[in-house]
Amino acid sequence: QVQLVESGGGLVQPGGSLRLSCAASGPILRINDMGWYRQAPGKERELVATIANGGSTNYVDFVEGRFTISRDSAKNTVYLQMNSLKPEDTAVYYCNAFINTYLGWFLYWGQGTQVTVSS
C-alpha cells in the first residue's frame, strides 16, 4: 500500500517558522507532481504549492515569498518551509502526490498535520 505521512506541524507564534515533511512509501515506481494543500476550520481545502518532477514550482498568491516547496526524489519526500507565519495560516496541511504503481497512476493524500499560528 502506498502511504503519504506528513510531519512537522505544531504551534508557532506569529512571525515564526515551521518545516513540514511528507514522505511517500510503498510499491512506488515513479512520482510525478507533489503538492501541499490546507484546510482551515469551516473552509474548503485549498492549494498552497506544487512541485513537478523536474522541480518547477507553483505557489498561490497568499504564500508566495513566505513559503518554499522542495522535494528529495531519492527519499520520495516533499517539504514545505513556512516562514513569516500569520494567524490566518492556521489550518490542517495535507500533502498529495501523483504516483505510478504497478496498477497505474493514482493521486494519494496524506492524513494531514495541524499548524496553529497563535500568540
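To be clear, the structure that these remarks concern was listed above.
Predicted model, so just to flag it, every value in this text is computed and none were measured.

### Details of the pattern of salt bridges
Going through the model one piece at a time under the given rule, you end up with three salt bridges. The residue Glu46 makes a salt bridge to Arg38 at a minimum N-O spacing of 2.9 Å. Its relative accessible area of 30% is what places Glu46 among the partly exposed residues. Accessibility expressed as a relative area gives 6% for Arg38, which makes it buried. Among the charged side chains, a network of salt bridges with common partners joins Arg38, Glu46, Arg66 and Asp89.

### Looking at the layout of surface pockets
Estimates place the volume of the largest pocket at around 160 Å³. Lining the largest pocket are 13 residues, with Arg38, Lys43, Glu46, Phe62 and Glu88 sitting closest to its centre. When the residues that make up the lining of the largest pocket are grouped by side-chain class, the tally is three nonpolar, two polar and eight charged.

### A word on the packing of aromatic side chains
One pass over the structure, following the stated rule, counts three aromatic pairs. Taking the centre distance of 5.0 Å and the plane angle of 65° together, the rings of Tyr37 and Trp109 count as edge-to-face. With a gap of 72 residues between them, Tyr37 in strand S4 (residues 30-39) and Trp109 in strand S10 (residues 104-109) connect regions that are remote in the sequence. Taking the relative accessible area as the measure of exposure, Tyr37 reaches 22% and is therefore partly exposed. For the cation-ring pair, Arg19 lies above Tyr79, with the distance from its terminal atom to the ring centre recorded as 4.0 Å.

### Considerations on the nonpolar core
Ranked by internal contacts, the top residues of the largest apolar core, which has 30 residues, are Trp36, Leu80, Met82 and Tyr93. Elements that contribute at least two residues to this core include exactly strand S3 (18-25), S4, strand S5 (46-51), strand S7 (67-72), strand S8 (77-82), strand S9 (91-101) and strand S11 (113-117).

### Observations regarding the side chain of Arg38
Tracing the sequence through the fold places Arg38 in strand S4. For Arg38, the side chain forms a polar contact with the side chain of Asp89, separated by 2.9 Å.

### What to know about the sheet that holds S8
Overall, antiparallel pairing links the four strands, which are arranged S1-S3-S8-S7 in an open sheet. Every interior strand has two partners, whereas the edge strands, strand S1 (3-7) and S7, have only one. Sheet twist, expressed as the mean angle between neighbouring strand axes with direction ignored, is 15°. Of the pairings in the sheet, the one linking S7 to S8 comprises six bridges and is antiparallel in character. Residue pairing in the sheet places Ile69 in a bridge with Leu80 of S8.

### Some words on the pairing of S9
Burial analysis of S9 places nine of its eleven residues in the buried class, which makes it a mostly covered element. Looking at chain direction, S4 and S9 are connected through eight bridges and run antiparallel. Within the sheet, the bridge partner assigned to Met34 lies in S9 and is Ala97. Pairing geometry for S9 and S11, over three bridges, is antiparallel. Each bridged residue has a counterpart across the sheet, and for Ala91 the counterpart in S11 is Val115. Sheet topology places S9 next to S10; six bridges connect them, and they run antiparallel. Within S10, the position partnered with Ile99 by the bridge is Phe106. A loop of two residues connects S9 with S10, the two strands running antiparallel in sequence.

Rules behind the numbers
Residues numbered from 1 in each chain as written. Predicted model: local features only at pLDDT ≥ 70, side-chain atom pairs only at ≥ 80, totals over all residues. Heavy atoms only, no water. Salt bridge = Lys/Arg side-chain N within 4 Å of Asp/Glu carboxyl O. Buried < 20%, exposed > 50% of the residue type's maximum accessible area, 1.4 Å probe, protein only. 1 Å grid on protein atoms, 1.4 Å probe; cavity = no way out; pocket = protein on both sides within 12 Å on 5 of 7 lines; lining within 4 Å. Points joined across faces, edges and corners; volume = space filled by probe spheres on them. Nonpolar A, V, L, I, M, F, W, Y, C, P; charged D, E, K, R; others polar. Phe/Tyr/Trp six-rings, centres within 6.5 Å; stacked < 30°, edge-to-face > 60°. Helix = DSSP H or I, 4+ residues; strand = E, 2+ residues; numbered from the N terminus. Lys NZ or Arg CZ within 6 Å of the ring centre and 35° of its normal. Core = buried A, V, L, I, M, F, W, Y, C linked by side-chain atoms within 4.5 Å. Polar contact = N/O pair within 3.5 Å; in protein donor to acceptor, adjacent residues only side chain to side chain. Pairing = 2+ DSSP bridges. Axes fitted to C-alpha atoms, helices over the stretch in contact; angles between N-to-C directions.

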